[in-house]
Amino acid sequence: MNTFNGKSLLTPKELAEALGASESSVRRWVDRGDIRIARTAGGHRRIPLTEAIRFIRLINAPVVRPELLGLGTLPSNDRSTRTLSEDEMLFESMLACDGDTIRGFLVSRYLEGQSLSALFDGPLLGAIRRVGDLWQHDERGLLIEHRATEISIEAIGSLRRLLPPVDENAPLALGGAPQGDPYQLPSMMAGAVLSESGFRDVNFGANTPVELLGKEAIHRGARLVWLSISAPSEPKPLKASLKKLAVDLAKEKIQLILGGRYHGEYAPQHATNVTLVQSMTELATFATRMARGQKKQKVKDSV
């Protein structure tokens, strides 16, 4: 089974071998309802990869044969033998353009139970910041940063394929980086964190016109809009755009989340529907609470 070639269902035997467990144990977990299954047209049991990942994270099960889950080679989880910190290791891997090591590290930590927000705020952010400073004393720094960004985007994409599917009735979140902001990663991370928190997310990426984003959010009935402001901009135009955006969204009871390195410089004043976040962890906390509230309200309305 390989998750990166389109196949996303496991047999009980494949999951058992991946975990170093007996097939009877996997069947017992299925029978108890610990693992949810799908069935083929012939009635055979199949386990969605995302469900297998959810179960692995739940019981903190070691994965002895990750290749059977389509995860390739994963690093050892024996941290006592490491000579580098996690962000140092990721930084060195970015310098070497070693995407496999970066992807494997992030996937292995996710399997161990770490949230995406913790991974993004911790080792990945630490490594990316160091790469971003290289240009000051190394003319190759800009090239390394571009390649590190591409590698990180691919790694985050691999992580997203392991997330549980979001309910089609889950609240919708739209976002990106404002016009003039070329950074892709912060907004991509925000979208992934929102998905993990229970939202259907649509990330429009870098250089997204604020006015169009607001119109699209209202048109599609979004409940949340996020903007990651990671590059300085002309203060007056962006401040005016964000103020109008907050007012327009407030009329539709849509929350506006602002994050990124420069978010505080452009935030509208006294807007009750605007929340500023300093980290992906803060975003996850807010979004999880909001998604749960939306779900409870729908249940209440249906009674």
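Procedures and definitions
Residues numbered from 1 in each chain as written. Predicted model: local features only at pLDDT ≥ 70, side-chain atom pairs only at ≥ 80, totals over all residues. Heavy atoms only, no water. Helix = DSSP H or I, 4+ residues; strand = E, 2+ residues; numbered from the N terminus. Buried < 20%, exposed > 50% of the residue type's maximum accessible area, 1.4 Å probe, protein only. 1 Å grid on protein atoms, 1.4 Å probe; cavity = no way out; pocket = protein on both sides within 12 Å on 5 of 7 lines; lining within 4 Å. Points joined across faces, edges and corners; volume = space filled by probe spheres on them. Nonpolar A, V, L, I, M, F, W, Y, C, P; charged D, E, K, R; others polar.

Peer 1: Describe unusual backbone geometry, naming the residues involved and giving the relevant values.
Peer 2: Even without a glycine there, the phi angle at N60 is positive, about 55°. Along the chain, N60 turns up in the loop between α3 (49-59) and α4 (86-95). Phi at K253 takes a positive value of approximately 60°, unusual for a residue other than glycine. Structurally, K253 is set in the loop between α10 (235-251) and β7 (255-259). Classification of K253 as exposed rests on a relative accessible area of 69%.

Peer 1: Quick rundown of the layout of surface pockets? Include the residues and the values.
Peer 2: Within this model, the largest pocket holds a volume of roughly 1,000 Å³. What lines the largest pocket is a set of 41 residues, and nearest its centre among them are L125, Y183, P186, S230 and R261. Counting residues per element, the ones that place at least two in the lining of the largest pocket are α6 (116-132), α7 (141-160), α8 (185-196), β6 (224-228), β7 and α12 (280-302). For the lining of the largest pocket, the per-class residue count stands at 23 nonpolar, twelve polar and six charged. In this structure, the second largest pocket occupies an estimated 760 Å³ of space. Looking at the lining of the second largest pocket, the elements that each hand over two or more residues are α3, α8 and α12. In terms of residue count, the dominant contributor to the lining of the second largest pocket is α12 (eight residues). Of the residues contributing to the lining of the second largest pocket, the split by class is ten nonpolar, eight polar and seven charged.

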